[in-house]
Amino acid sequence: MPDDKTPQTTSGIGIQRLYGPPTDGEDLGDSGAWPYVRGVYPDMYRGRPWTMRQYAGFGTAEETNERFRFLLDSGQTGLSVAFDLPTQMGLDSDDPRAEGEVGRVGVAIDTLDDLERLFADIPLDRVSTSMTINATAAVLLAMYVAAADAQGVDRSTLSGTVQNDILKEFIARGTYIYPVEPSLRVVTDIFAFCSEELPRWNSISISGYHMREAGASAAQEIAFTLANGREYVRRALARGLEVDRFAPRLSFFFAAHNHLFEEAAKFRAARRLWARMMREEFGADDRSCRLRFHTQTGGSTLTAQQPMNNVVRVAVQALAAVLGGTQSLHTNSYDEALALPGAEAARLALRTQQVLAEESGVRDTVDPLGGSYYVEALTDRLEALARDYLERIEEEGGAAEAVAFMTDEIHRSAYAWQLEVEGGERGVVGVNVYEDDRPTVDIATPDFADLQESQRRRLDRVRSLRDESRVEAELGRLEAAARDGSNLLPPMIEAVKVRATLGEISGRLERLWGRYRPS
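Reading the values: the criteria
Throughout this document, residue positions are counted from 1 along each chain, in the order its sequence is written. Thresholds applied to this predicted model are a pLDDT of at least 70 for local features of residues and 80 or more for the giving and counting of side-chain atom pairs; totals over whole chains, interfaces and linings are not thresholded and use all residues. No hydrogens and no water enter the side-chain calculation; it runs on all heavy atoms of the structure. The helix and strand labels rest on DSSP assignments: H or I over at least four residues marks a helix, E over at least two residues marks a strand, and numbering proceeds from the N terminus. Working definition: with a 1.4 Å probe on protein chains only, accessible area under 20% of the residue-type maximum means buried, over 50% means exposed, and in between means partly exposed. N or O atoms closer than or at 3.5 Å make up a polar contact, with two conditions inside protein: a donor-capable atom paired with an acceptor-capable one, and, for residues adjacent in sequence, both atoms drawn from side chains. Working rule for contacts: check all heavy atoms of both residues, and any pair within 4.5 Å makes them a contact. By definition, a salt bridge exists where a carboxyl oxygen of Asp or Glu is found within 4 Å of a side-chain nitrogen of Lys or Arg. Angles run from 0 to 180 degrees between N-to-C directions of axes, and those axes are lines fitted to C-alpha atoms, restricted for helices to the stretch in contact. The labels follow the angle: roughly parallel below 35 degrees, roughly antiparallel above 145, roughly perpendicular from 65 to 115, and oblique for the rest. Three categories are distinguished: nonpolar for Ala, Val, Leu, Ile, Met, Phe, Trp, Tyr, Cys and Pro, charged for Asp, Glu, Lys and Arg, and polar for the others, with Gly belonging to the last. Every helix has an expected span of 1.5 Å times one less than the residues it contains. Two rings belonging to Phe, Tyr or Trp (six-membered ring only in the last case) form a pair when the distance between their centres is within 6.5 Å. Interplanar angles under 30 degrees mark stacking, angles over 60 mark edge-to-face geometry, and anything in between is tilted. Here, over-ring charges are defined by two tests on the NZ atom of lysine or the CZ atom of arginine: distance to the ring centre within 6 Å, and angle to the ring normal within 35 degrees.

> Explain the side chain of glutamate 474 to me, please; I cannot follow it from the model alone.
With respect to the helices and strands, glutamate 474 occurs in helix H17 (residues 468-484). When its relative accessible area of 14% is taken as the criterion, glutamate 474 is described as buried. Side-chain polar atoms of glutamate 474 contact the side chain of arginine 477, separated by 3.0 Å. Among residues more than four places away in sequence, those in contact with glutamate 474 are Glu494, Ala495 and Val498.

> Help me out: how do you make sense of the pattern of salt bridges in this one?
When their charged atoms lie close together, side chains carrying opposite charge are able to pair. All chains considered together, the criterion is met by 51 salt bridges. For arginine 239, the salt bridge identified is with aspartate 189, shortest N-O distance 2.7 Å. On the criterion of sequence distance, the pair formed by arginine 239 in the loop between helix H8 (218-238) and helix H9 (243-246) and aspartate 189 in helix H6 (residues 180-197) is long-range, its members being 50 residues apart. Residue arginine 239 is classed as partly exposed on the basis of its relative accessible area, which comes to 36%. Residue glutamate 231 is joined to arginine 235 by a salt bridge in which the shortest nitrogen-to-oxygen separation is 2.9 Å. With glutamate 231 and arginine 235 both in helix H8 and four residues apart, this pair spans about one turn of that helix. In this structure, a network of salt bridges that share partners links the residues Asp92, Asp94, Arg463, Arg466, Glu468 and Glu504.

> Explain the packing of H6 against helix H18 (residues 489-497) to me, please; I cannot follow it from the model alone.
Think of two packed helices as two axes; the pair is described by the angle between the axes and how far apart they sit. Interhelical geometry of H6 versus H18 gives an angle of 85 degrees and a closest axis separation of 10 Å. Between H6 and H18, the interaxial angle falls into the category roughly perpendicular. Residues Asp189, Ile190 and Phe193 of H6 touch H18, and the partners they reach there are Leu489, Pro490 and Ile493. The residue inventory of the contact of H6 with H18, partitioned by class, reads five nonpolar, no polar and one charged.

> Is there a simple way to think about helix H12 (residues 309-323) in this case?
Every α-helical turn comprises 3.6 residues, leaving residues that sit three or four positions apart pointing alike. An ideal rise of 1.5 Å per residue puts 21 Å on 15 residues; H12 measures up with 22 Å between its terminal C-alpha atoms. When we look at burial in H12, the residues that qualify are Asn310, Arg313, Val314, Gln317, Ala318, Ala320, Ala321, Val322 and Leu323. Of the surrounding elements, those touching the buried residues of H12 are strand E7 (250-256), helix H10 (260-282), strand E8 (293-297), strand E9 (328-330) and helix H13 (343-359). Looking at the residues trailing H12, positive phi occurs at glycine 325, about 90 degrees.

> Explanation requested: the packing of aromatic side chains in the structure shown.
Applying the stated criterion to the full structure yields 18 aromatic pairs. Note on phenylalanine 170 and tyrosine 176: the rings are 5.5 Å apart at their centroids and 25 degrees apart in plane angle, and the pair reads as stacked. We note that phenylalanine 170, like tyrosine 176, is buried. Here the aromatic rings of phenylalanine 191 and phenylalanine 246 are separated by 5.7 Å at their centres, their planes lie at 15 degrees, and the arrangement is stacked. A residue pair is termed long-range when its members are at least 10 positions apart, and phenylalanine 191 in helix H6 and phenylalanine 246 in helix H9 qualify at 55 residues. Given a relative accessible area of 1%, phenylalanine 191 falls into the buried group. Three or more aromatic residues joined by ring pairs form one cluster here, namely Phe252, Phe254, Phe267, Trp274 and Phe293. The residue whose ring lies beneath arginine 279 is tryptophan 34, and the NZ or CZ to ring-centre distance is 3.9 Å.

> Help me understand the packing of helix H14 (residues 373-395) against helix H15 (residues 403-422) in this model?
Between H14 and H15, whose axes approach to 9 Å, the crossing angle comes to 145 degrees. Touching Tyr389, Arg392 and Ile393 of H14 are Phe405, Met406 and Glu409, all from H15. A class-by-class count of the residues in the contact of H14 with H15 yields four nonpolar, no polar and two charged.

Written out as structure tokens, the structure is:
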């Protein structure tokens, strides 16, 4: 970097040559104590490491189940499910709108039979399962509970997370179905159901990850994620839920990108800002002020050029997440810029976490970067930038009203980043610096047409064997609950048990509520 150009973080924070002691007198406090800047638990990783998850979803339930078993046998400690786009959008595999997308970016789930095959011979009371699902989160959670009931598992023992973060879909990702208000009603139905029935289940994973992947800066990722979290808390309170009944089970989901120190500071700043927000605005107790989060390394940072370089990127990003105090971590595979991860690439990604946990010494002390002049300055500055964004979002009327503002800010940030890369101001190894013409890795491509046809045949068989009158009766009860405002989860669970499909359930609600149309 030339001497006359001050280095900057992704959020535009100028980096000084040397840092002195912080000047604002902020008390860092202890780990496990408010405001949690040093970690949400007293000992953090000294007792046990973070939960190691690998995101997996491969066309059919059987293929995904095989990968789950492979990862569990390799030492993974939690499951993370990727669903295909039709499942995310509330479409059955035989819907004309699902043509060409069945099984392409995750597992296809049409009925409870699919979900039971997905978790075949995996005892649901012994694993923690994270499901990346939003518009149809209630349907997939209903299927998971129904599968646990079929296994004879007590619902109170189920642990895991359903993403259930619809606001970021409107802002950055696009897998929405219903308009904003009924979508938020479903979110709070899940809150209420989990607080009563699933005490160990995280009822939402408020996600900055997808906004960061869309181009948000680190400061924007903090602000927009916490703005959405604030909106969900307000909606739950408006439903009559007590903050300290549901807030301790809120969880968050962040990205880890390449700037090691900014990323570690980002997590520390987010914890402190959320703690202050929950106490000052909602009068929450300390348990509700703890920002617990999952981290995934940055998919958008992976390159198709020289893909083995991604192994190094992922290691740096994983280290940033651990130094920042994550509760669980997914490490991307080096081949994910090209296709779904291969088995050996996924194993290497998991081994990256295991090397950090077992060999690096990073678990030996809590918050090893705490007190660093540089990191503390970055933490303070990121919090200040995030506060500025949060104030602007409040001026817009809150997160539900500020969707267009947040989307526009992300677009601006993404555009500025791309200009820097294309102009050579920001180096990306193998892309605009240190390039070569060697071929990339070979990637096997599944026969998606055969996979789609196979899934459709399974769906036809389920429909031929079920009792149509019972299906229609349960769908009618679900629609009645949607009309009268009662919780949707109990009738939804009964509907999936009689083999109502995901598309039928979503379609019934869409017929009542309509479909979201972005302005």
